[in-house]
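Chain by chain, the residues run as shown.
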Amino acid sequence: MLRTNHHRGRAPQPTSPVPAVARPPARPPRRHALAAAALALAVAGLGLMVPAAGAAGVAPAAEPTPAAEAAPAAVSRLGTSGNKIVNAAGTPVQLRGVSVLAPRHNAECPECHPKPISDVIDMTVSDGWQSDVVRLPVTVWGSLSVEDNVAQYVDPYVQQAVELGIYIIVDLHYVSDYGSTGVPQSTVAEFWDYVAPLYADVPNVIYEVFNEPVAPASWATWKAYIQPVVDDIRAVAPETLLLMGGPQWSTYVNQAAADPIVGNDIAYVYHLYPNQGDATAANLDAKFGNAAQQIPVILTEFGWNPPGEFSDPVVTQGTTSGWGIPLRQYLDARPHISWTAWLFDNYWKPQMFDHDWNLLGGEHQGAMIKAWLADQPYASPCADHAAVGATAVASSSGSASSGAAKAVDGDCTNAGRWLSAAGDTTPTLTITLDAPTVVDQVDVYSGFIGGGSVNVLRDFTVEVHTSAGWQQAAVFDDNTLGLVSAPGPAAAVDQVRLVITDPSNYTPDVARVFEVAVRAA
């Protein structure tokens, strides 16, 4: 296996030229029963052994296994080389997949339709979903021992991943301070002392050592805390790929690049959400992209949903148009960065399904993540509507670069916003369509990506103009949503107008409008 051991003070090994980045091989369909001749799993002591096909001591099947019941192809052991995750042949690999809900928290939502986690994992590789890897959060609070926790909430899903022929990340899912003010080192060590040898011989399994340490916000302190744990893991699992988070909710990859954890086959974790700003190259390079030129980086969490019931009030508020698609473009151009999207669920936020397991599309993340995993295009919902390029006139504009035309330019990033001028307490925006159009609805995108709900339009009216004159389509008071919709009238519309009486709940108190998307019927 071609790997680089990352030691403190050692410069990263050259990575050019490198083989083309590969996706893991295609998987066969899900098998609902394990054929003993197809896949032998022997649990011995603290280890799982997965014999290779034709290995000595594995008895042949009594009769040929039908093609429909063939065993999944064995996955390659993963490691690292330079700044890349690589397979056993040394070929760079980009892992792409999703996180599922921590099994101990399944069925906690009273208004949700629950599914067994095994069914959810099956979904991640069926019906057009093409995950290479599933991230399994393991929560440890409660009265269960480590052994019982693993037996109930880890091992069944590890075996399922082996059967499916995918990778699984066992994620010790603490969101907590660490050390003297938080989770004791001994607690983390106890978990990995049991789990690390258990799956050391299973190439499907990846270990994420600590999900989100928060404080102290010091890489040196964190390294001193976690290095002994890594050393202990390496003593019993010398080849398992390790994913290493860091302080401040796993955002310290720049510090990791400057002073890596000592040990082989370690990739470094970054967690990204819209509250960290626009998904521009400049912002993402500074967050983790520059570091990913030096060390292997994997985003084990990122996600978004528009403000509303499927997003929290601050951290995850974003849209597919304004945040998800630019992020996809960034990561697709950097296949050395692997990722697992958060969250393949109908409960924890930002989820990909509604409470009844209907896939959330449009500006929600679910449909785009599914298309992304299948390498299918997914157009920005704000980039294709009847008012793109229409004539727009505003009562004021904050600058020449934020004029009224920005509200109909198909760009829902911060750079694509109309901003009213400070002091214009009742700004208006009027859009004249190229031709009268029967309108199904008018979507108003407002706010600031990364700014939360205080930046969105507060009080405003959406009006439409037909042959009968102006009429109200919808009135929004005390609005906190970055995307709202007004129904269209029965008649053809030639103009749309926003009449804003309270621009925002923020200083400066100006209107911030990404797009007024006119949806033709």
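Please read these numbers as outputs of a predicted model, since none were measured by experiment.

**Student:** Kindly report on the packing of helix 2 (residues 146–153) against helix 4 (residues 185–198), identifying the contributing residues and their values.
**Tutor:** In the contact formed by helix 2 and helix 4, the axes pass within 10 Å of each other and the chain directions differ by 45°. One element, helix 2, and the other, helix 4, form an angle in the oblique class. At the point where helix 2 passes helix 4, the crossing takes the right-handed sense. Within the contact between the two elements, helix 2 uses Val-146, Glu-147 and Val-150 and helix 4 uses Glu-190, Phe-191, Tyr-194, Val-195 and Leu-198.

**Student:** Give me empty space enclosed by the protein: which residues, what numbers.
**Tutor:** One pass over the full model with this rule turns up five cavities of 30 Å³ or more. Considered as a void within the structure, the largest cavity measures approximately 160 Å³ in volume. Lining the largest cavity we find 16 residues, and of these Pro-307, Ser-446, Phe-448, Gly-482 and Phe-514 sit closest to its centre. Of the residues contributing to the lining of the largest cavity, the split by class is seven nonpolar, nine polar and no charged.

**Student:** Go over the packing of helix 8 (residues 281–289) against helix 9 (residues 320–332) with me, naming the residues and quoting the values.
**Tutor:** Helix packing for two helices is described by the angle between their axes and how far apart those axes are. Where helix 8 meets helix 9, the closest approach of the two axes is 11 Å, and the angle between their N-to-C directions is 60°. Taken together, helix 8 and helix 9 sit at an angle that is classed as oblique. By crossing handedness, the relation of helix 8 to helix 9 is classed as right-handed. Only Leu-327, Tyr-330 and Leu-331 of helix 9 make contact with helix 8, whose side of the interface consists of Ala-281, Leu-284, Asp-285, Phe-288 and Gly-289. Looking at the contact of helix 8 with helix 9, its residues break down into six nonpolar, one polar and one charged.

**Student:** Please set out the state of the cysteines residue by residue, giving values where relevant.
**Tutor:** According to the stated counting rule, one finds two disulfides in the structure shown. Covalent S-S linkage joins Cys-109 and Cys-112, the inter-sulfur distance amounting to 2.1 Å. Looking along the S-S bond of the Cys-109-Cys-112 disulfide, the torsion reads about 65°, which is the right-handed sense. Cys-109 gets classed as buried once you look at its relative accessible area, which sits at 7%. Take Cys-112: its relative accessible area is 12%, and that puts it in the buried class. Disulfide pairing is shown between Cys-382 and Cys-412; the S-S distance is 2.5 Å. One end of the pair, Cys-382, is in the loop between helix 10 (366–373) and strand 17 (391–394); the other, Cys-412, is in the loop between strand 17 and strand 18 (418–419), and 30 residues separate them in sequence. Along the protein chain, the cysteines that take part in disulfide bonds pair up as 1-2, 3-4, counted in sequence order.

**Student:** Residues and numbers for the pattern of salt bridges, please.
**Tutor:** Scanning the entire structure with this criterion turns up 11 salt bridges. With a closest N to O distance of 3.8 Å, Lys-370 and Asp-127 form a salt bridge. With Lys-370 in helix 10 and Asp-127 in the loop between helix 1 (117–123) and strand 7 (133–138), this pair connects stretches of sequence that are 243 residues apart. The exposure class assigned to Asp-127 is exposed, which follows from its relative accessible area of 67%. Its salt-bridge partner being Asp-171, residue Arg-135 comes within 3.2 Å of it at the nearest N-O pair. Of this pair, Arg-135 sits in strand 7 while Asp-171 sits in strand 8 (residues 167–172); the two residues are 36 residues apart in sequence, bridging distant segments of the chain.

**Student:** Quick one: what's the story with the confidence of the model for the protein chain, residue by residue and with numbers?
**Tutor:** Averaged over all residues, the pLDDT of the protein chain is 87; the fraction at 70 or higher stands at 86%. No element of the protein chain has a lower mean pLDDT than strand 1 (residues 5–6), at 24, and none a higher one than strand 12 (residues 242–244), at 99. Taken together, the stretch residues 1–21 has pLDDT below 50 and engages in 53 contacts with residues farther than four places along the chain or on a different chain. Taken as a whole, residues 26–70 scores under 50 in pLDDT and shows 57 contacts with residues more than four places along the chain or in a different chain.

**Student:** Provide a residue-level description of the packing of aromatic side chains, including the pertinent values.
**Tutor:** Considering all chains together, one arrives at 22 aromatic pairs under this definition. Measuring from ring centre to ring centre gives 5.4 Å for Trp-222 and Tyr-225, while their planes differ by 25°; the resulting arrangement is stacked. Of the two residues, Trp-222 and Tyr-225 both sit in helix 5 (residues 219–236), three residues apart, roughly one turn of that helix. Of the two residues, Trp-222 and Tyr-225, both sit in the buried class. Among the aromatic residues, those joined into a cluster by ring pairs are Trp-141, Tyr-174, Tyr-178, Phe-210, Trp-222 and Tyr-225. The side chain of Arg-334 reaches across the aromatic face of Tyr-330, ending 3.6 Å from its centre. When the ring centre of Trp-470 is taken as origin, the NZ or CZ atom of Arg-497, which lies over that ring, is 3.9 Å away.

Cut-offs and rules
Residues numbered from 1 in each chain as written. Predicted model: local features only at pLDDT ≥ 70, side-chain atom pairs only at ≥ 80, totals over all residues. Heavy atoms only, no water. Axes fitted to C-alpha atoms, helices over the stretch in contact; angles between N-to-C directions. Helix = DSSP H or I, 4+ residues; strand = E, 2+ residues; numbered from the N terminus. Parallel < 35°, antiparallel > 145°, perpendicular 65-115°, else oblique. Left-handed = near helix turned anticlockwise from the far one by under 90°. Contact = heavy atoms within 4.5 Å. 1 Å grid on protein atoms, 1.4 Å probe; cavity = no way out; pocket = protein on both sides within 12 Å on 5 of 7 lines; lining within 4 Å. Points joined across faces, edges and corners; volume = space filled by probe spheres on them. Nonpolar A, V, L, I, M, F, W, Y, C, P; charged D, E, K, R; others polar. Disulfide = S-S within 2.5 Å. Buried < 20%, exposed > 50% of the residue type's maximum accessible area, 1.4 Å probe, protein only. Salt bridge = Lys/Arg side-chain N within 4 Å of Asp/Glu carboxyl O. pLDDT = per-residue confidence, 0-100. Phe/Tyr/Trp six-rings, centres within 6.5 Å; stacked < 30°, edge-to-face > 60°. Lys NZ or Arg CZ within 6 Å of the ring centre and 35° of its normal.

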